[in-house]
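# Structural overview for review
One-letter residues, chain by chain:
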Amino acid sequence: SRLKMKVVSGLYFGALTLLVGSCGDKNKREDETPADTLALSYSIISTLPHNSVAYTQGLVIHNNKILERTGQKGHSWIAEVNPGSGQHEKKVTLDPRSFGEGITVLNNKMYQLTWEEKTGFIYDARTYKKLGEFTYNTPGWGLTHDNKNLIMSDGTDKLYFLDTTNLQVVKTVTVTDPTGAKVKNLNELEFVNGSVFANIYETAMILKIDPNNGKVTGRLDLSALAGEIKRIYPNADVLNGIAYDKNSKALLVTGKLWPKSYLIKLN
């Protein structure tokens, strides 16, 4: 079967800034590729250690704690991450037959998806006690919320909005780029200030999406970070994992089997 290839407040970060700039060239050749008007620039605030055996599927920051969801059968768990070491502490381990996917926390409940099993689990976010299960009709990939509904991806061009009362789909949007083309392989999700940020599976690209109409409004290219990781750690897999820290207003990003996470701020 196909395996998906897949801050904490109180930390003091030394800023390492990536200066992104461009200058006009009046003599630019006509065949030169135009600048991406949707490109988002960023600065690296800090790097943090990450558990290099974690096949990251979902990442979230809740109550100043980093929670990470891993995948692969027999290796799927949710854990609190020690920001100083990157190691996993308090854990909820999934049944070995299940392949873990995205997670999110809403109203003190932690929701998690599985991939092909089409079953989700609900836990008390404080005690990790299991509260219930729910089912869905597609594969489960990424998961976030907009403070009202859960938002789920399934690896296609669709985002599904689920009512938290009955866990039924109440709205579906199709994600399109500025040309109107559908954008597929939507994976890990994070809701940030009214927009959905979605990693495109097997790429280092994160899209900023308007949840009302599915239109892509920004592109965050993290290929420089992914390339750095791959050069130093050849066994590292693809970028996957986006968490927003409301206190620092920064994004924590990492990847599958990465030994590092990056805290970045959009410029």
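About the thresholds
- Residues numbered from 1 in each chain as written.
- Predicted model: local features only at pLDDT ≥ 70, side-chain atom pairs only at ≥ 80, totals over all residues.
- Heavy atoms only, no water.
- 1 Å grid on protein atoms, 1.4 Å probe; cavity = no way out; pocket = protein on both sides within 12 Å on 5 of 7 lines; lining within 4 Å.
- Points joined across faces, edges and corners; volume = space filled by probe spheres on them.
- Helix = DSSP H or I, 4+ residues; strand = E, 2+ residues; numbered from the N terminus.
- Nonpolar A, V, L, I, M, F, W, Y, C, P; charged D, E, K, R; others polar.
- Phe/Tyr/Trp six-rings, centres within 6.5 Å; stacked < 30°, edge-to-face > 60°.
- Buried < 20%, exposed > 50% of the residue type's maximum accessible area, 1.4 Å probe, protein only.
- Core = buried A, V, L, I, M, F, W, Y, C linked by side-chain atoms within 4.5 Å.
- Contact = heavy atoms within 4.5 Å.
- Pairing = 2+ DSSP bridges.
- Axes fitted to C-alpha atoms, helices over the stretch in contact; angles between N-to-C directions.

## Quick notes on empty space enclosed by the protein
Where empty space is left in the structure can be found by rolling a water-sized probe over the atoms. Taken as a whole, the largest cavity holds about 60 Å³ of empty space. In terms of lining residues, the largest cavity is bounded by L48, P49, H50, L59, I66, E68, V81, P83, L252 and S261. Of all the secondary structure elements, the ones that give two or more residues to the lining of the largest cavity are β1 (42-49) and β3 (65-70). Of the residues in the lining of the largest cavity, the class split is seven nonpolar, two polar and one charged.

## Description of the packing of aromatic side chains
Inspection of the entire model under this criterion finds four aromatic pairs. Taking 6.3 Å as the distance between ring centres and 70 degrees as the angle between the ring planes, the aromatic pair formed by Y111 and F134 counts as edge-to-face. Here Y111, found in strand β7 (residues 109-114), pairs with F134, found in strand β9 (residues 130-135); they are 23 residues apart in sequence, far enough to count as distant. The exposure classification of Y111 matches that of F134, with both residues buried. Where F134 meets Y136, the ring centres are 5.9 Å apart and the plane angle is 50 degrees; that geometry is what we call tilted.

## Quick notes on the nonpolar core
Ranked by size, the top nonpolar core spans 20 residues in total, and within it I206, L222, L225, L251, V253, Y262 and I264 carry the most contacts. Elements with a minimum of two residues in this core: β1, α1 (223-232), β18 (239-245), β19 (250-255) and β20 (260-266). Each residue touching Y262, except ones within four places of it in the same chain, is listed here: I44, S46, T47, L225, E228, I229, L251, L252 and V253. Counting residues in each nonpolar core, the second largest holds 16 residues, with V173, F191, V196 and I200 among its members.

## With respect to the environment of K208
Relative to the elements of secondary structure, K208 occurs in strand β16 (residues 205-209). For K208 and L220, which are twelve residues apart along the polypeptide, the C-alpha to C-alpha distance reads 7.7 Å. Apart from residues no more than four positions distant in its own chain, K208 is found in contact with L40, S195, V196, F197, K215, V216, T217 and G218.

## Re the layout of surface pockets
Of the voids in this model, the largest pocket is the one considered here, and its volume is about 450 Å³. Every element with two or more residues in the lining of the largest pocket is listed here: β2 (56-62), β6 (100-106), β10 (143-145), β14 (186-192) and β18.

## Here we look at the environment of K265
Among the secondary structure elements, K265 is positioned in strand β20. With relative accessibility at 34%, the residue K265 sits in the partly exposed group. C-alpha separation for the pair K265 and I44, spaced 221 residues apart in sequence, amounts to 6.5 Å. Residues in contact with K265, not counting those within four places in the same chain, are S41, Y42, S43, I45, S248 and K249.

## Examining the sheet that holds β6
Spatial strand order, β6-β7-β8-β9: four strands in an open sheet with antiparallel pairing. Each edge of the sheet is formed by a strand with only one pairing partner; in this case those strands are β6 and β9. Geometrically, the sheet is characterised by an average inter-axis angle of 20 degrees between neighbouring strands, direction not taken into account. Inspection of the sheet shows β7 paired to strand β8 (residues 119-124) by four bridges, in the antiparallel sense. For M110, the partnering residue across the bridge sits in β8 and is Y123.

## Some thoughts on the pairing of strand β15 (residues 195-200)
By the criterion of burial, β15 is predominantly enclosed, with six of the six residues buried. On β15, burial covers both faces: S195, F197 and N199 on one face and V196, A198 and I200 on the other are all buried. Here β14 hands over to β15 after two residues, with N193 in that stretch at a positive phi of 50 degrees. Both β15 and β16 contribute to a ladder of four bridges, which runs antiparallel. Of the residues in β16, the one forming a bridge with N199 is I206. Counting the residues that bridge the hairpin from β15 to β16 gives four residues, and of these E202 lies at a positive phi of roughly 70 degrees.

## Some remarks on unusual backbone geometry
In most cases, non-glycine residues show a negative phi, while peptide bonds are predominantly trans. Even without a glycine there, the phi angle at N108 is positive, about 65 degrees. Within the fold, N108 resides in the loop between β6 and β7. If you check the backbone angles, N193 has positive phi at about 50 degrees while not being a glycine. Looking at where N193 falls in the secondary structure, it is placed in the loop between β14 and β15.

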